[in-house]
Amino acid sequence: MKILSFILCTFILFNFFAYVHADESIAADLSKNDILLIERILESTAHGAEFSVLVSLASVIINRYRSPIYPDSVLKIAEGSDILKIDHSVTPGGRSRIAVSYALLGSSPIKDATGVSFCSGEDTPEAAEYILIDGWLFYTE
């Protein structure tokens, strides 16, 4: 039991450390408000989804923000999407915060994804690269 507690504490501390430092160095092009908005989008859109879905969804938003073909505003990206939802009253939980940190650190299952949709598993996109996670389809356009 002590070993399990140690592993859990180590995991939590590592993730907290990664979150704090990702905010300052890797997210230089994103403001703290942008990061908070992405966390709120994750809570509003995919609350309760697998962690890998949260990381991938955060990666899509960040990749779109950094792409010249999408709006240069996290809010406009969310408002222009049929899938992304945003509730400004939501307080992001720890899973969403850590997921954004992972995405900023490049830990997404599909790093260059700019597209996301729901998929039954039988439909496959005409994309160079894609991954299906728990009914969510992430792809590179």
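Residues numbered from 1 in each chain as written. Predicted model: local features only at pLDDT ≥ 70, side-chain atom pairs only at ≥ 80, totals over all residues. Heavy atoms only, no water.

**Some points on the environment of Ile62**
Okay, step 1: Here Ile62 lies in helix 3 (residues 51-66).
Okay, step 2: Residue Ile62 is classed as buried on the basis of its relative accessible area of 2%.
Okay, step 3: Measuring from C-alpha to C-alpha, the distance between Ile62 and Asp112 comes to 9.8 Å, with 50 residues separating the pair along the chain.
Okay, step 4: In this structure, Ile62 is in contact with Leu30, Ile38, Ala103 and Leu104, ignoring residues within four places of it in sequence. (Helix = DSSP H or I, 4+ residues; strand = E, 2+ residues; numbered from the N terminus. Buried < 20%, exposed > 50% of the residue type's maximum accessible area, 1.4 Å probe, protein only. Contact = heavy atoms within 4.5 Å.)

**Re helix 2 (residues 32-46)**
Okay, step 1: The end-to-end C-alpha distance of helix 2, which contains 15 residues, comes to 21 Å, matching closely the 21 Å that a straight helix rising 1.5 Å per residue would cover.
Okay, step 2: Two residues or fewer past helix 2, Gly48 is found with a positive phi of approximately 90°. (Expected span 1.5 Å × (residues − 1).)

**A few points about the pattern of salt bridges**
Okay, step 1: Taken as a whole and judged by the stated rule, the model has two salt bridges.
Okay, step 2: Between Arg66 and Asp29 there is a salt bridge, with its nearest N and O atoms 2.8 Å apart. With Arg66 in helix 3 and Asp29 in the loop between helix 1 (2-26) and helix 2, this residue pair connects regions lying 37 residues apart in the sequence.
Okay, step 3: On the basis of relative accessible area, Arg66 is assigned to the partly exposed category, the value being 39%.
Okay, step 4: Of the charged contacts in the structure, one is a salt bridge between Arg97 and Glu39, with a shortest N-O distance of 3.8 Å. Taken together, the residues Arg97 in helix 5 (residues 94-104) and Glu39 in helix 2 connect sequence positions 58 residues apart. (Salt bridge = Lys/Arg side-chain N within 4 Å of Asp/Glu carboxyl O.)

**A short note on the nonpolar core**
Okay, step 1: In this structure, Leu30, Ile38, Leu57, Val74, Trp136 and Phe138 are the most contacted members of the largest nonpolar core, which totals 33 residues.
Okay, step 2: Mapped by element, the contributors of at least two residues to this core are helix 2, helix 3, helix 4 (74-79), helix 5 and strand 3 (136-140).
Okay, step 3: Residue contributions to this core peak at nine residues, all from helix 3. (Core = buried A, V, L, I, M, F, W, Y, C linked by side-chain atoms within 4.5 Å.)

**Some words on the packing of helix 2 against helix 5**
Okay, step 1: In contact at an axis separation of 9 Å, helix 2 and helix 5 are set at 120° when each is read in the N-to-C sense. Between helix 2 and helix 5, the angle is such that the two are oblique. The handedness of the crossing between helix 2 and helix 5 comes out as right-handed. In contact with Ile35, Ile38, Glu39, Leu42 and Glu43 of helix 2, helix 5 contributes Ser96, Arg97, Ala99, Val100 and Leu104. (Axes fitted to C-alpha atoms, helices over the stretch in contact; angles between N-to-C directions. Parallel < 35°, antiparallel > 145°, perpendicular 65-115°, else oblique. Left-handed = near helix turned anticlockwise from the far one by under 90°.)

**Side note on the packing of helix 3 against helix 5**
Okay, step 1: Packing of helix 3 against helix 5 leaves a shortest axis separation of 8 Å and a crossing angle of 55°. Taken together, the axis directions place helix 3 and helix 5 in an arrangement best described as oblique. Crossing of helix 3 against helix 5: the hand is right-handed. For the pair helix 3 and helix 5, contact is made by Phe51, Leu54, Val55, Ala58, Ser59, Ile62 and Arg66 and by Arg95, Ile98, Ala99, Val100, Tyr102, Ala103 and Leu104, respectively.
Okay, step 2: For the contact of helix 3 with helix 5, the residue count by class is eleven nonpolar, one polar and two charged. (Nonpolar A, V, L, I, M, F, W, Y, C, P; charged D, E, K, R; others polar.)

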